[in-house]
Amino acid sequence: MRLIGTVFYAGAMTAVFGFMIARARRLAGGVTDLAEMRAAFKAGSIPPGVEPSRWVPTFEKWERQYRLNRWFGPVTFVAFAALTAWLALSEGPVWWLFTVFFVVAMIWSTVDSWRGSAKATVMLDELRRRPPLPPRTDVPVSPETK
């Protein structure tokens, strides 16, 4: 019975995360575009020759996520640290290891969220200042799309 539950849970999680990844790729314009956006975000600079209209929605989404994480991450990790501290006092000292883990995770989450939010804001401003790219002339256009 446990095997059946595990298989259904694994299938459901695979479907959910597969849907989320496919949606992120589709909204970004494809696998290569999303990989290029992530690399640019990691580097902290927008490469020349990108289409701002395709990049802005993805960076806006990332900025919203980082802004949400600025307060949600610390609240969550403080709650878990308080719980594990209470367990350490009532159940045993091994729970102090978990308390330390959650405090470190809270610090990391806070620093990463503030840095990511600031980086996304700067990169969005740069994308919004760039003019749209002219239409490509090296790609043949069918008469129906003119």
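What you are looking at is a predicted structure, and each value in this text was computed from that prediction instead of being measured. (Residues numbered from 1 in each chain as written. Predicted model: local features only at pLDDT ≥ 70, side-chain atom pairs only at ≥ 80, totals over all residues. Heavy atoms only, no water.)

1. Some points on the confidence of the model for the protein
Next, step 1: Summarising the model, the protein shows a mean pLDDT of 88, and 92% of its residues fall at 70 or more.
Next, step 2: At the low end of the mean pLDDT range in the protein sits helix α1 (residues 2–28), at 86; at the high end sits helix α4 (residues 95–129), at 94. (pLDDT = per-residue confidence, 0-100. Helix = DSSP H or I, 4+ residues; strand = E, 2+ residues; numbered from the N terminus.)

2. Looking at the packing of aromatic side chains
Next, step 1: In the structure shown here, the tally under the stated rule is 10 aromatic pairs.
Next, step 2: Plain terms: the ring middles of Trp71 and Phe72 are 5.7 Å apart, the flat faces sit at 85 degrees to each other, and that makes the pair edge-to-face.
Next, step 3: By relative accessible area, which is 44% here, Phe72 ends up partly exposed.
Next, step 4: Through a chain of ring-to-ring contacts, three or more aromatic side chains come together here, namely Phe41, Trp55, Phe59, Trp62 and Tyr66.
Next, step 5: When the ring centre of Trp114 is taken as reference, the NZ or CZ atom of Arg70 above it lies at 4.2 Å.
Next, step 6: For the cation-ring pair, Lys119 lies above Phe41, with the distance from its terminal atom to the ring centre recorded as 5.1 Å. (Phe/Tyr/Trp six-rings, centres within 6.5 Å; stacked < 30°, edge-to-face > 60°. Buried < 20%, exposed > 50% of the residue type's maximum accessible area, 1.4 Å probe, protein only. Lys NZ or Arg CZ within 6 Å of the ring centre and 35° of its normal.)

3. Considering the layout of surface pockets
Next, step 1: Computed from the structure, the largest pocket encloses a volume of approximately 440 Å³.
Next, step 2: Contributing to the lining of the largest pocket are 18 residues, with Met20, Ala24, Arg38, Lys61 and Trp62 lying nearest its centre.
Next, step 3: When residues of the lining of the largest pocket are traced back to their parent elements, those giving at least two are α1, α2 (31–43) and α3 (52–90).
Next, step 4: Take the lining of the largest pocket: its biggest share by element is eight residues, from α1.
Next, step 5: Residue composition of the lining of the largest pocket, by class: 11 nonpolar, two polar and five charged. (1 Å grid on protein atoms, 1.4 Å probe; cavity = no way out; pocket = protein on both sides within 12 Å on 5 of 7 lines; lining within 4 Å. Points joined across faces, edges and corners; volume = space filled by probe spheres on them. Nonpolar A, V, L, I, M, F, W, Y, C, P; charged D, E, K, R; others polar.)

4. Thoughts on a nonpolar patch on the surface
Next, step 1: A cluster of nonpolar side chains, contributed by Val16, Phe17, Phe19, Met20 and Ile21, occupies part of the molecular surface with about 500 Å² of accessible area.
Next, step 2: Relative to the elements of secondary structure, Met20 occurs in helix α1.
Next, step 3: Accessibility expressed as a relative area gives 46% for Met20, which makes it partly exposed. (Patch = residues over 30% accessible without salt bridge, like charges linked within 9 Å, V, L, I, M, F, W, Y side chains within 5 Å. Areas by Shrake-Rupley, 256 points an atom, 1.4 Å probe, with all protein chains shown as cover. Salt bridge = Lys/Arg side-chain N within 4 Å of Asp/Glu carboxyl O.)

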